[in-house]
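Now for the letters of each chain:
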Amino acid sequence: MKSGIVLEGGAFRTIFSSGVCDALLDAGLLPDYFIGVSAGAAYGISYLSRQKWRNLNIICHYANDKRYMSVGNLLDRKNRSYFGLKFAYEDIPNQYIPFDYDAFSAYPGEAEAVLTNLSTGKADYYPISRKDERFTVLQATCAMPLLFPIFHINHQLYLDGGCADPIPWRRALDKGCDHLLVVLTRERSYVRGVEKSDRLIRRHYHKYPNFLDTMRRRADAYNENRERLFRLEREGRAVVIAPESTKGFSRTEKDVEKIRALWQDGYFKGRSAAPELVKFWKED
């Protein structure tokens, strides 16, 4: 049997997933296979390196730091992202709140991130490098349209993996996982609507018709993806954990108390699910 964990993205809402993962670390649970989208991938590697509370510490320390997140970063021609890319992906992990590369390298399983290919409009799946101190793949999977630059990897152009495959549980099944844990960053009742920035996205990425077609179908595809996931859960093939509520919580939330509360929701849900997961993941 092969266990797998799937982490949805959602920018700062993904602190919920970090709470779940921190509870799993308390229970000594790591999967054979990991896949994350956007912040799900970026936050998930702290779980794989067994660094409990690391993501919570980062967001609580830097959510209100303009070096980390500000319009000024977006207007900076050398940065072109709402997030300070060098600060977030190099300075923090390599200086301020160190990432344990050795522990991540020691993780015996497989770790992948989802990227959206602008030319094809489809999802590409990349291994997360164990030694990349610039976290290039993680930057690309987090590259929200309009708020990040386009990333060039292997002669292809990429943006946020959540555009093409926001909850990649099918990929986990294709990789041979029998027992899945899927952590969502929206409540179970959530239904995605049309992007508010739809017109701006169509204008800004007009050179990439396949990507625009993916964005046009994004809401319907997302909602259908979740319905099929819940069906998989009812069949006993997946455990799904979702937040109680994300109402009033911005994907770039700066209220530290709200951030702590959402992490805590994830932690207690993860702790409650841990006994079931011990049986589910270790079932012979």
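Provided above is the structure to which this section pertains.
Attention in this report is confined to the structure presented alongside it.

Thresholds, definitions, all that
- Residues numbered from 1 in each chain as written.
- Predicted model: local features only at pLDDT ≥ 70, side-chain atom pairs only at ≥ 80, totals over all residues.
- Heavy atoms only, no water.
- Axes fitted to C-alpha atoms, helices over the stretch in contact; angles between N-to-C directions.
- Helix = DSSP H or I, 4+ residues; strand = E, 2+ residues; numbered from the N terminus.
- Parallel < 35°, antiparallel > 145°, perpendicular 65-115°, else oblique.
- Left-handed = near helix turned anticlockwise from the far one by under 90°.
- Contact = heavy atoms within 4.5 Å.
- Buried < 20%, exposed > 50% of the residue type's maximum accessible area, 1.4 Å probe, protein only.
- Pairing = 2+ DSSP bridges.
- Right-handed = clockwise from strand over helix to strand, strands pointing away.
- Salt bridge = Lys/Arg side-chain N within 4 Å of Asp/Glu carboxyl O.
- Phe/Tyr/Trp six-rings, centres within 6.5 Å; stacked < 30°, edge-to-face > 60°.

**Remarks on the packing of helix α3 (residues 54-62) against helix α5 (residues 85-96)**
And step 1. One way to put it is that α3 packs onto α5 with a least axis distance of 13 Å and a crossing angle of 115°. Relative to α5, the element α3 lies roughly perpendicular. Note on packing geometry: the crossing formed by α3 with α5 is right-handed. Where α3 abuts α5, its residues Arg54, Ile58 and Tyr62 lie against Phe87, Ile92, Pro93 and Tyr96.

**Thoughts on the pairing of strand β1 (residues 3-7)**
And step 1. Of all five residues making up β1, five are buried, and the element is well covered by its neighbours.
And step 2. Looking at chain direction, β1 and strand β7 (residues 179-183) are connected through five bridges and run parallel. Of the residues in β7, the one forming a bridge with Leu7 is Val183.
And step 3. Where β1 and strand β2 (residues 33-37) come together, four bridges link them in parallel fashion. Each residue of the ladder has a partner; that of Gly4, found in β2, is Tyr33.
And step 4. Handedness of the β1-helix α1 (residues 15-26)-β2 crossover: right-handed.

**Here we look at the pattern of salt bridges**
Close approach of charged atoms lets side chains of opposite charge pair.
And step 1. Following the criterion strictly, the structure yields 15 salt bridges and no others.
And step 2. With its nearest N and O atoms 2.9 Å apart, the salt bridge here joins Lys175 to Glu110. Of the two residues, Lys175 sits in the loop between α8 (169-174) and β7 while Glu110 sits in strand β3 (residues 110-117), which places them 65 residues apart along the sequence.
And step 3. In this structure, Arg202 engages Asp198 in a salt bridge whose closest nitrogen and oxygen atoms are separated by 3.0 Å. Of the two residues, Arg202 and Asp198 are both situated in helix α9 (residues 198-204); the distance of four residues between them amounts to about one turn of the helix.
And step 4. Counted as one network, the salt bridges with shared partners bring together Asp213, Arg216 and Arg217.

**Quick word on the environment of Gly248**
And step 1. Mapping Gly248 onto the fold places it in the loop between β8 (238-241) and α12 (256-282).
And step 2. A relative accessible area of 51% means that Gly248 is categorised as exposed.
And step 3. Taking the C-alpha atoms as reference, Gly248 lies 9.1 Å from Lys258; in sequence the two are ten residues apart.
And step 4. Among residues more than four places away in sequence, those in contact with Gly248 are Glu253 and Lys258.

**Considerations on the packing of aromatic side chains**
And step 1. Inspection of every chain in the model, using the stated rule, returns 18 aromatic pairs.
And step 2. Considering the side-chain rings of Trp263 and Tyr267, the 5.2 Å spacing of their centres and the 15° angle between planes classify their relative orientation as stacked. Of this pair, Trp263 and Tyr267 are both found in helix α12, four residues apart, which corresponds to roughly one turn of the helix. Just as Trp263 is buried, Tyr267 falls in that class too.
And step 3. Residue classification places Tyr267 among the buried positions, given a relative accessible area of 13%.
And step 4. Aromatic rings pair up to connect Phe12, Tyr62, Tyr68, Tyr82, Phe83, Phe87, Tyr96 and Phe148 into one cluster.

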